[in-house]
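# Structural features, examined
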Amino acid sequence: MRSFTRRFSWELVLVLLIVVAGFWSSTLSPYFLDPINLLSSAQFFVIFSLMAFGLFPIIVQGEIDISLTSTLAVGSVLFGQLSVAGFPLVVALPVVLGVCAVLGAVNGLLVAYAGLPSLAVTLGTMGAYRGIAYIFAGDAGVTGITPEYLALGSTWVGVIPLAVLLVLIVAAAFWLLMSRTAFGRYSYAIGNSSSASRMAGVPVPRTRVLAYTLAGVMSGLAGLVWVSQYQSARGDNADGSILFVLTAVVLGGVSIKGGSGRAGGVLLAIALLGTIQTGMKLANVPGTSQTLVIGALLVGSIGIPSAIQILRRRFGGKKTVPSGSTTGSGDKNPPQPEVGTLPPASATVPIP
């Protein structure tokens, strides 16, 4: 029990914060704790959840991608255009996801093979991809989406919305990907030390390109959810929401320096942010103030663990920071127990 508490200390803190935030929100409205209301409200955060899980492996590798929302805009507009043109969803889905995968791969190639800083690259493509979305959508955007494309946003499987079920499936898939595959082991190893990973025979550039490609696919899928919920597509879709996505990943215990973090923490962080934002809406908190709170949580999730580490070293001796937290020094956290160890240089483990 003690080892479990130490291993999942960050996740347990998130659970406690969710309970506190839920209690606060329930005092603002007697309808907050109604299960149907909670599940209906959760649908609003599905779009950000999909992008957050796409960003998760990139952050684990010590990189960043702030162009995800622009990729979503391209995907949503393409879905809208294909719908209006009469293409069935079964045809449009692989086409749009393929296009978004290419957009993500471009980011990965520039970072992994050209050696450009990921922040600078994705800042540039954020504007470029947003421009592409405006070109495809036109000034008026895309309307008249066919019912087939809207089903994801309105269908319930029993008592659970289909979109929420999709997020749970994606969360489980990323847990398996990062904890049970060579790609996951490589990602954690690269986040801890890319140079050591190269010496050990890890295909660092290819792993990074795969991470960015996967993020593009997840943004494209989020674009479909956007169309199904809002029944239209514009070039400015999801503009400004990258702050929420990045906060969800870092608040979930994924070190901004790379090398640590779990999918379960990301899912809990999304639940916490959703609970807080829903409570703020019930309290009629202005949107600008909500953005301020989200930004403060991002800064706190980065700064507080570092401050705790500094205080421990100064007053209590060196202690291990709970897995999933960021550190205040340049050293990375040791690899997660469930992702295995870095393979020797002679090993050739294929990436799935």
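Everything below is about the structure printed above this text.
This report concerns the structure included in the present document. (Residues numbered from 1 in each chain as written. Predicted model: local features only at pLDDT ≥ 70, side-chain atom pairs only at ≥ 80, totals over all residues. Heavy atoms only, no water.)

## Topic: the packing of helix H2 (residues 9-28) against helix H14 (residues 263-282)
Inclusion rule: Each axis is a line fitted through C-alpha atoms, and for a helix only the stretch in contact is used; angles between axes span 0 to 180 degrees, taken between their N-to-C directions. Helix and strand assignments follow DSSP, with helices taken as H or I runs no shorter than four residues and strands as E runs no shorter than two, numbered in order from the N terminus. When an angle is under 35 degrees it counts as roughly parallel; over 145 it counts as roughly antiparallel; between 65 and 115 it counts as roughly perpendicular; any other value is oblique. Left-handed describes a crossing in which the near helix is turned anticlockwise from the far one by less than a right angle; the clockwise case is right-handed. Two residues form a contact once any of their heavy atoms are found within 4.5 Å. Each residue gets one label: Ala, Val, Leu, Ile, Met, Phe, Trp, Tyr, Cys and Pro are nonpolar, Asp, Glu, Lys and Arg are charged, and the others, such as Gly, are polar.
At a closest axis distance of 9 Å, the pairing of H2 and H14 adopts a crossing angle of 20°. The orientation of H2 relative to H14 falls into the category roughly parallel. Crossing handedness for the pair H2 and H14: left-handed. Between H2 and H14, the residues in contact are Glu11, Leu14, Val15, Leu17, Ile18, Ala21, Gly22, Trp24, Ser25 and Leu28 and Gly265, Leu268, Ala269, Ala271, Leu272, Thr275, Ile276, Gly279, Met280 and Leu282, respectively. The class makeup of the residues in the contact of H2 with H14 is 14 nonpolar, five polar and one charged.

## What to know about helix H13 (residues 242-251)
Defined as follows: Three labels apply to residues, based on accessible area from a 1.4 Å probe with only protein chains included: buried if under 20% of the type maximum, exposed if over 50%, partly exposed otherwise in between.
Burial within H13 is extensive, with nine of its 10 residues counted as buried. Taken as a whole, H13 has its buried residues at Ile242, Phe244, Val245, Leu246, Thr247, Ala248, Val249, Val250 and Leu251.

## Examining helix H5 (residues 68-84)
Structurally, the α-helix is built with 3.6 residues per turn, so residues lying three or four positions apart point the same way. We apply this condition: Each residue after the first adds 1.5 Å to the expected span of a helix.
When the terminal C-alpha atoms of H5 are compared, their 24 Å separation across 17 residues agrees well with the 24 Å that a helix rising 1.5 Å per residue should span. Trailing H5 by a residue or two, Gly86 shows a phi angle of about 95°, which is positive.

## Some words on the packing of aromatic side chains
Applicable threshold: By convention, a stacked pair of Phe, Tyr or Trp rings (six-membered ring in the case of Trp) has centres within 6.5 Å and planes under 30 degrees apart, an edge-to-face pair has planes over 60 apart, and any other such pair is tilted.
According to the stated counting rule, one finds seven aromatic pairs in the structure shown. With centroids separated by 5.0 Å and ring planes inclined at 45°, the aromatic side chains of Phe48 and Phe244 adopt a geometry described as tilted. Residue Phe48 is found in helix H4 (residues 46-60), and its partner Phe244 is found in helix H13; the two are separated by 196 residues along the sequence. When its relative accessible area of 10% is taken as the criterion, Phe48 is described as buried. Looking at Phe244, the relative accessible area reads 7%, which means it is buried. Aromatic pair Phe79 and Tyr149: ring centres 6.4 Å apart, planes at 70°, arrangement edge-to-face. A residue pair is termed long-range when its members are at least 10 positions apart, and Phe79 in helix H5 and Tyr149 in helix H8 (residues 147-154) qualify at 70 residues. The same class applies to Phe79 and to Tyr149, which are both buried. Each residue in the set Phe44, Phe45, Phe48 and Phe244 is aromatic and connected to the rest through ring pairs, giving one cluster.

Without other data, these values stay purely geometric and don't point to any function.
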